[in-house]
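Structural characterization, general
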Amino acid sequence: MTSQPAAAAKGLEGVVVAQTQKSKVDGTIGKLHYHGYNIFDLAENASFEEVIYLLWYDKLPNRAELEQFKKELAAERALPPELIEMMKQFPKGTHPMAVLRTGVSAMGAFDPTAEDSRPEATKEKLRRLTAVMPTLIAAWERIRSGQEPIAPRADLDLAANFLYMMKGEEPSKTEVDALDTFLILLADHGMNASTFSARVTTSTLADVYSAVTTAIGTLKGPAHGGANEKAMQQFMEIGSPENVQAWFEHALANERRIMGIGHRVYKVEDPRATILRERARALAEQSGDRRWFDIAYNLEQAARSHPYFIERSLYANVDYYSAVVLYQTGIPVDQFTPLFAMSRIAGWAAHIIEQWVDNRLIRPRGEYIGPVDQPWVPLDRRS
Ligand code: COA
């Protein structure tokens, strides 16, 4: 019998699969860095475009570089008209994440250079995808509600332009700031599942449209990016702050997971949740409607003081308060995960480029545990 190497931990927990310069997640002390810069400093001081630049070029841009970079991104925002026509054919009930996944894949069909994987061509395509994803998301919002998509504006930054295309009016500074913080915080996160899947696809030498489509599909699940939508649905199901305790006890009794709580790497509070909690609180206080913040906060407190959650080191993750922030910014609940993708494309692109630079096919093994040497049974003799 040939021996097989020992299987890695289930879910690849703790397995290091690549070296990266992009971000460092320290789950024991709750610290996140993008290329050495603390997420608290970036959330406080940077714009999303600065963070994209940092992740792609491994340095913060100076003023001239940032202006040039913003111009390049803004110039690529328009969707191919054929793609808009195609989206109009989709059933109106299609989930926005499915539309985004299909739209990104279709962008490859409209790009005659899609198969060109030289470094500069790869970077150009990733820049185009980063610029166009907000337009895709906003266009679907308009199309599914029977309206014409709004053309992007080049004079607005990414977050402001997105909200303008989504809502049809210029957003307030508060809305733009809240969205920009969200986009900064979700831009990269070590070897998370969608980033890993983008790297696996890239490692086969497939084109960037394939890699980003793979990543969007992976992000969609509720154990990953889909959790922000599910977290909001759970807050809506609870309905009011007074219902939290009864809902929590019922959830525990039925072994139901609290969405937006728990993390594979963080065994203390996710630092992004710390920042987003305060953002959510500020938005609630500003609007005078504390309902959603109070539901989320009370539920978090109930979990934090319960032995089940304490013993398993389960804390709020990024998706928990993202849900409250996005809801208060007027984003429809089923658009929360596409907004996660609109941010994470920054990290996916950085990792795709990093993978290309030092590529080797990612091809692990499985441990076969089925039967061996079975005698062949003809079809008419099978029970
Ligand atoms: N609510 C209640 N219990 C939870 C929980 C949650 N949100 N998350 C994990 N647990 C429990 C599990 O039931 C398990 O308990 P057990 O040891 O008694 O079996 C233990 O904590 C470990 O969970 P496990 O699923 O093995 O952890 P993981 O590292 O594989 O999964 C997540 C991590 C994020 C998928 C998981 O915490 C989860 O499902 N969270 C909710 C979804 C979510 O917010 N996803 C976004 C992540 S950023």
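Shown above is the structure to which this text applies.
Right, let's walk through the structure included here.

Conventions adopted
Every chain's residues receive numbers from 1 upward, in the order its sequence appears when written. Local features in this predicted model are restricted to residues whose pLDDT is 70 or higher, and side-chain atom pairs enter the listing and the counts only when it is 80 or higher, whereas totals over whole chains, interfaces and linings include all residues. Heavy atoms throughout the structure, all of them, feed into the side-chain values; hydrogens and water do not. Whether two strands pair depends on DSSP finding at least two bridges between them. The secondary structure listing takes helices from DSSP runs of H or I that are at least 4 residues long and strands from runs of E that are at least 2 residues long, numbered from the N terminus. Note on contacts: a residue pair is in contact if any heavy atoms of the two residues lie within 4.5 Å. Between N or O atoms, a polar contact is any pair within 3.5 Å; within protein, one atom must be a potential hydrogen donor and the other a potential acceptor, and residues adjacent in sequence are included only when both atoms are from side chains. Any residue with a non-hydrogen atom lying within 4 Å of a molecule or strand is treated as near it. Areas reported here follow the Shrake-Rupley algorithm with a probe of radius 1.4 Å; residue values treat only the protein chains shown as occluding. Definition used for salt bridges: Asp or Glu carboxyl oxygen within 4 Å of a side-chain nitrogen of Lys or Arg. Relative accessibility decides the category of a residue: with a 1.4 Å probe and only protein chains considered, values under 20% of the type maximum give buried, values over 50% give exposed, and everything between is partly exposed. A helix is expected to span 1.5 Å for every residue after the first. Pairing of aromatic side chains here covers Phe, Tyr and the six-membered ring of Trp, requires ring centres within 6.5 Å, and sorts the geometry by plane angle: under 30 degrees stacked, over 60 edge-to-face, intermediate tilted. Here, over-ring charges are defined by two tests on the NZ atom of lysine or the CZ atom of arginine: distance to the ring centre within 6 Å, and angle to the ring normal within 35 degrees. All axes are obtained by fitting lines to C-alpha atoms, using only the stretch in contact for helices, and the reported angles, taken between N-to-C directions, cover 0 to 180 degrees. Angles below 35 degrees are treated as roughly parallel, those above 145 as roughly antiparallel, those between 65 and 115 as roughly perpendicular, and all remaining angles as oblique. Under the scheme applied here, ten amino acids are nonpolar (Ala, Val, Leu, Ile, Met, Phe, Trp, Tyr, Cys and Pro), four are charged (Asp, Glu, Lys and Arg), and all others, including Gly, are polar.

Moving on to the pairing of strand E1 (residues 23-26). For a regular strand, side chains alternate in direction, first toward one face of the sheet and then toward the other. Inspection of the sheet shows E1 paired to strand E2 (residues 31-34) by four bridges, in the antiparallel sense. In the sheet register, Lys 24 faces E2, and the bridge partner there is His 33. Hairpin connection from E1 to E2: four residues lie between these consecutive antiparallel strands, with Gly 30 at a positive phi of about 70°.

Another point: the environment of Thr 94. For Thr 94, the location among the structural elements is in the loop between helix H4 (81-88) and helix H5 (96-109). In this structure the C-alpha to C-alpha distance between Thr 94 and Met 165, which are 71 residues apart in sequence, comes to 20 Å. If near-sequence neighbours (up to four positions away) are discounted, Thr 94 is found in contact with Val 99 and Trp 140. A polar atom in the side chain of Thr 94 sits 2.6 Å from the backbone oxygen of Pro 91.

This part is about the sheet that holds strand E3 (residues 37-38). Strand order in this open sheet of three strands is E1-E2-E3, and the pairing throughout is antiparallel. The open sheet has two edge strands with one neighbour each: E1 and E3.

The residue Asn 192 is located in the loop between helix H8 (173-185) and helix H9 (193-203) in this model. For Asn 192, the side chain forms a polar contact with the side chain of Ser 194, separated by 2.9 Å. Those residues in contact with Asn 192 that sit more than four places away from it in its chain are His 224 and Arg 344.

Surrounding the ligand, one finds 18 residues, the nearest of these being Arg 257, Ile 258, Gly 260, Ile 261 and Arg 264. Here Ile 258 contributes a backbone N or O atom positioned 2.7 Å from a nitrogen atom of the ligand. In this structure, Arg 312 approaches the ligand through a side-chain N or O atom, which is 3.0 Å from an oxygen atom. Starting from 860 Å² of accessible surface for the ligand in isolation, the protein chains cover 68%.

Another aspect to go through is the pattern of salt bridges. This model, assessed by the stated rule, comprises 28 salt bridges. Between Lys 123 and Glu 120 there is a salt bridge, and its shortest N-O distance comes to 3.9 Å. Of this pair, Lys 123 and Glu 120 are both found in helix H6 (residues 119-144), three residues apart, which corresponds to roughly one turn of the helix. Exposure remark for Glu 120: the relative accessible area of 51% places this residue in the exposed category. Put simply, Asp 334 and Arg 144 hold a salt bridge, and the shortest N to O gap is 2.7 Å. In this pair, Asp 334 is assigned in the loop between helix H16 (318-328) and helix H17 (336-357) and Arg 144 in helix H6, connecting sequence segments 190 residues apart. On the basis of relative accessibility, which here comes to 22%, the residue Asp 334 falls in the partly exposed class. The network of salt bridges with common partners includes Glu 72, Glu 76, Asp 111, Arg 127 and Arg 128.

Below, the discussion takes up helix H14 (residues 291-304). End to end, H14 covers 20 Å across 14 residues, agreeing with the expected 20 Å (1.5 Å per residue, within 8%). Among the residues of H14, Trp 292, Phe 293, Asp 294, Ile 295, Ala 296, Leu 299, Glu 300, Ala 302 and Ala 303 are the ones counted as buried. Turning to H14, the residues buried within the fold contact helix H11 (227-238), helix H12 (244-253), helix H13 (271-287), helix H15 (307-311) and H16.

Turning to the packing of aromatic side chains, a few remarks are in order. If you walk through the whole model with that rule in mind, you get twelve aromatic pairs. Considering the side-chain rings of Tyr 53 and Tyr 57, the 4.5 Å spacing of their centres and the 45° angle between planes classify their relative orientation as tilted. On the criterion of helical spacing, the pair formed by Tyr 53 and Tyr 57 is a turn pair, its members being four residues apart in helix H2 (residues 48-57). Judged by centre distance (5.8 Å) and plane angle (40°), the ring pair of Phe 248 and Phe 309 falls under tilted. Pair noted here: Phe 248 is in helix H12 and Phe 309 is in helix H15, with a separation of 61 residues, a long-range link. Against the face of Tyr 164 rests Arg 153, its NZ or CZ located 5.0 Å from the ring centre.

One way to put it is that H2 packs onto helix H3 (residues 63-74) with a least axis distance of 10 Å and a crossing angle of 100°. The angle between H2 and H3 places the two elements in the roughly perpendicular class. Residues Glu 49, Glu 50, Ile 52, Tyr 53, Trp 56 and Tyr 57 of H2 pack against Glu 65, Leu 66, Phe 69, Lys 70 and Leu 73 of H3. Looking at the contact of H2 with H3 residue by residue, the class counts come to seven nonpolar, no polar and four charged.

Turning our eyes to something else, we now look at unusual backbone geometry. Phi at His 35 takes a positive value of approximately 45°, unusual for a residue other than glycine. Take His 35: it is sitting in the loop between E2 and E3.

The next point concerns the side chain of Glu 354. With respect to the secondary-structure elements, Glu 354 resides in helix H17. Separated by 2.9 Å, the side chains of Glu 354 and Arg 199 make a polar contact. If near-sequence neighbours (up to four positions away) are discounted, Glu 354 is found in contact with Gln 19, Thr 20, Gln 21, Lys 22 and Arg 199.

Along the chain, Leu 32 turns up in strand E2. Each C-alpha atom of the pair Leu 32 and Val 265 lies 11 Å from the other, and the pair is 233 residues apart in sequence. Here Leu 32 is in contact with Ser 23, Lys 24, Val 25, Tyr 37, Asn 38, Ile 39, Asp 188, His 189, Tyr 266, Pro 271 and Arg 272, once residues within four sequence places are set aside.

Quick look at the pairing of E2 now. By the alternation rule, side chains of E2 split into Leu 32 and Tyr 34, which are all buried, and Lys 31 and His 33, of which none is buried. Here two bridges tie E2 to E3, and the two strands are oriented antiparallel to one another. Considered in E3, the bridge of Tyr 34 is made with Tyr 37. A loop of two residues connects E2 with E3, the two strands running antiparallel in sequence, and His 35 in this loop sits at a positive phi of about 45°.

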